[in-house]
Amino acid sequence: MNASMNPNGKYARVGDIELPNRKWPSNKITKAPVWCSVDLRDGNQALVNPMGIDTKLAFFDLLVKLGFKEIEVGFPASSDTEYEFIRRLIEENHIPDDVTIQVLCQAREALVKKTMESLKGCKQAIFHIYNSTSPAQRKYTFNKSKEEIKQIAVDGVKCIKSCLSDEDRKRIRLEYSPESFSHTEIDYAVEVCEAVKNEWGCSADNKIIMNLPTTVECYTPNVYADAIEYFAEHISDRQNIIISTHCHNDRGTGVASCELALLAGADRVEGCLFGNGERTGNLDIVNVALNMYSQGIDPQLDFHDIQSVGELYTKFTEMEINPRTPYVGELVFTAFSGSHQDAIRKGMAARTKMPKNALWDVPYILIDPHDIGRQYEGIIRINSQSGKGGAAYILEQEYGICLPKAMHPALGELIKKAADESQRELDKSEIYNLFVKHWLEAKGNLSIVDLAETHLEGKENSESTSCRAVVEWKGKRYSIGKTGNGPLDAFAGALSEIPAPKFSITAFHEHSIGTGNDTSAVAYVQITCEDGNQYWGAGKSTNVGRAGVDAVVSALNQIK
Ligand code: KIV
Ligand code: ZN
């Protein structure tokens, strides 16, 4: 059956903008924009439980620590909490000299007055006014013409001017948002902003901020970029205007819209940590900043400990972070697939021989997790889709157990079976315990009851060690003995005296593990039986010879 979801004319493409010589597709992002966090306003107003004053203060301190120089702190005329929060920010000296707070306000006299009152004692602030300009808002919400809507904006500016003393004008900058810009005819949006700018005035020392929001993200990122470039080309006094973006994420392309807008000449970016905000959220500022970092640009924000930022964000907002959220999500530096794990392991291993700042080229991992306080240990996780290399990597990295490469398939099979049975991911201790149970403590037909080895002075190499042992094979006890070129050889030879399958040792590896008094040897042995079947075994002991002997027992105990 053919699936279909025909909109039947209910929806149409939004915002075709005539811009035949658009330049933005050839531009590059080369530096960080001015960032403005709107976590405490747009983010807060979208929360199920809006933040209390103490939480907002703690969040503000975090934003300052992260390096934000412009922070929208609320809508002081809208509630006592918002007002009180701003008073405490000012009175308790939370605002560093190089940080400007921003307050949102509708352009109505009583609200403007209350907002100005909330800013008493504040060294510098951005006064942010907005009114909605789109056809639907003009028609349904306000029932006003284009001229009348433009007049609302101009009157708002007049009202603010009338509430400000000359001194206030020195410390207060203006931001104007034609709300619903994304749905507004572009020429009309320019016309309204032009009128606002003319009413307020602007100069090189007092630039006005024109914030062009995708209040509802309704068009593709390239159209937003067109809108920004078009606006920049058509507004007068461009050099005295800071073009700001405020991208919502209704289509899930807020980050892309913002990035293309930067190509198109936007100077400033509003957004929230991890994309909090109304509906689908605001632009995820962390995402855009670290995208810049991943391309060699200093984002001028500090996310070197992203995990802690994520934890604080969750604590403050009660919002979860999706495990797939770029950079911060629990799973973004994790690989389950075997081929990915293999490539990552090889890429990581290659880096240990490179200078610290060598160009990052580890497959499947966009940036070095260490740069943002994340750990390599979490990179490889094991489930039933994982390959043999992933589990071996974990044993090596976490426990110092370096299996020979030829043994990896046997380990992979063991782990895959366990993951399949449990239908879930295995953690590192489970992988280690499986290795221990299956090989180091392998139970089966053979066990050693007593073992004595003697080094024979003056004997030829092939007879340098004598081994005497009491072993049990299938519950029956045997006293056996042989000489050989070492403990392993002598013991393997002695086993020919019991009715176990005849075998030869076809691979042997060993390494030490631990340090000082805790040093042990780990031995890995592959035996090949007369029927051609091969089995791996492993042994661990403080005595090197005994580790090899135990590995042979472990291998024989794999025969069921
Ligand atoms: O999304 C929006 O348009 C806003 C404005 C107030 C800027 O939040
Ligand atoms: Zn918004």
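In the annotation of an unreviewed UniProt entry, the protein is listed under the name 2-isopropylmalate synthase and assigned to Treponema succinifaciens. Its UniProt record, at the heading Subcellular location (unreviewed entry), says of the protein: "Cytoplasm". What the UniProt record of the protein gives under Subunit (unreviewed entry) is the line "Homodimer."

(A) Quick look at the sheet that holds strand β10 (residues 465-473). The strand order across the open sheet formed by 3 strands is β9-β10-β11, and the pairing between neighbours is antiparallel. Each of the sheet's edge strands pairs with one partner strand only, and the pair in question is β9 (446-455) and β11 (476-484). Direction aside, neighbouring strands of the sheet carry axes that sit 15° apart on average. Alignment of β9 against β10, held across 9 bridges, turns out to be antiparallel. Pairing of D450 across the sheet is with V470, part of β10. Packed onto the sheet, helix α17 (residues 487-494) meets β9, β10 and β11 and runs at close to 135° relative to β11.

(B) Summary view of the site of ligand 1. In the vicinity of ligand 1, the contacting residues are R41, D42, H128, S177, E179, N211, P213, T215, H246 and H248. One of the side-chain N or O atoms of R41 is found 3.0 Å from an oxygen atom in ligand 1. A distance of 2.5 Å is found between an oxygen atom of ligand 1 and a side-chain nitrogen or oxygen belonging to T215. Compared with its free state, where it exposes 260 Å², ligand 1 has 95% of that area covered by protein.

(C) Structural context of the coordination of the zinc ion (ligand 2). Within the protein, the atoms that donate to the zinc ion (ligand 2) are D42 (OD), H246 (NE2) and H248 (NE2), at distances of 2.0 to 2.1 Å. Counting residues between consecutive donors of the zinc ion (ligand 2) along the chain gives the motif D-x203-H-x1-H. Taken together, the positions of D42 in helix α1 (residues 39-45) and H248 in the loop between β7 (241-247) and α10 (254-263) put the pair 206 residues apart, joining distant regions of the chain. Of the residues examined, D42 reaches a relative accessible area of 2% and is grouped as buried. H248 gets classed as buried once you look at its relative accessible area, which sits at 4%.

(D) Summary view of the sheet that holds strand β1 (residues 34-37). Ordered in space as β1-β2-β3-β4-β5-β6-β7-β8, the 8 strands form a closed barrel in which the pairing is parallel. Strand-to-strand twist across the sheet, computed as the mean angle between neighbouring axes with direction ignored, equals 25°. With 4 bridges joining them, β1 and strand β8 (residues 268-271) adopt parallel strand pairing. Note on β8: the bridge partner recorded for C36 is E270.

(E) Representation of the nonpolar core in the model. W35, F60, V73, I101, L273 and F435 are the most contacted members of the largest nonpolar core, which has 133 residues in total. Setting aside anything within four residues of it in sequence, one finds F60 in contact with L40, I71, V73, F85, L89, H94, I95, V99 and I101. If you look at the next biggest cluster of nonpolar residues, it comprises 31 residues, including L488, A492, A500 and A551.

(F) Quick look at the domain arrangement of the protein. For the protein, the assigned domains are domain 1 (37-317), domain 2 (338-440) and domain 3 (446-556). Of the residues lining the interface, 8 residues belong to domain 1; the matching set on domain 2 comes to 6 residues. Both faces considered, domain 1 and domain 2 share a buried interface measuring about 590 Å² in area, 60% of it formed by carbon and sulfur atoms. Summed over the shared surface of domain 1 and domain 2, the result is 0 salt bridges. Counting the contacts that link domain 1 with domain 2 gives 4 residue pairs in polar contact (both at pLDDT 80 or more).

Basis of the calculations
- Residues numbered from 1 in each chain as written.
- Chains lettered and ligands numbered in written order.
- Predicted model: local features only at pLDDT ≥ 70, side-chain atom pairs only at ≥ 80, totals over all residues.
- Heavy atoms only, no water.
- UniProt positions renumbered as here; feature names shortened; annotations may be inferred.
- Pairing = 2+ DSSP bridges.
- Helix = DSSP H or I, 4+ residues; strand = E, 2+ residues; numbered from the N terminus.
- Axes fitted to C-alpha atoms, helices over the stretch in contact; angles between N-to-C directions.
- Contact = heavy atoms within 4.5 Å.
- Near = heavy atom within 4 Å.
- Polar contact = N/O pair within 3.5 Å; in protein donor to acceptor, adjacent residues only side chain to side chain.
- Areas by Shrake-Rupley, 256 points an atom, 1.4 Å probe, with all protein chains shown as cover.
- Donors = N, O, S within 2.8 Å, 3.2 Å for Na, K, Ca; no water.
- Buried < 20%, exposed > 50% of the residue type's maximum accessible area, 1.4 Å probe, protein only.
- Core = buried A, V, L, I, M, F, W, Y, C linked by side-chain atoms within 4.5 Å.
- Domains from an automatic or database assignment.
- Buried area = accessible area lost by both parts, 1.4 Å probe.
- Salt bridge = Lys/Arg side-chain N within 4 Å of Asp/Glu carboxyl O.

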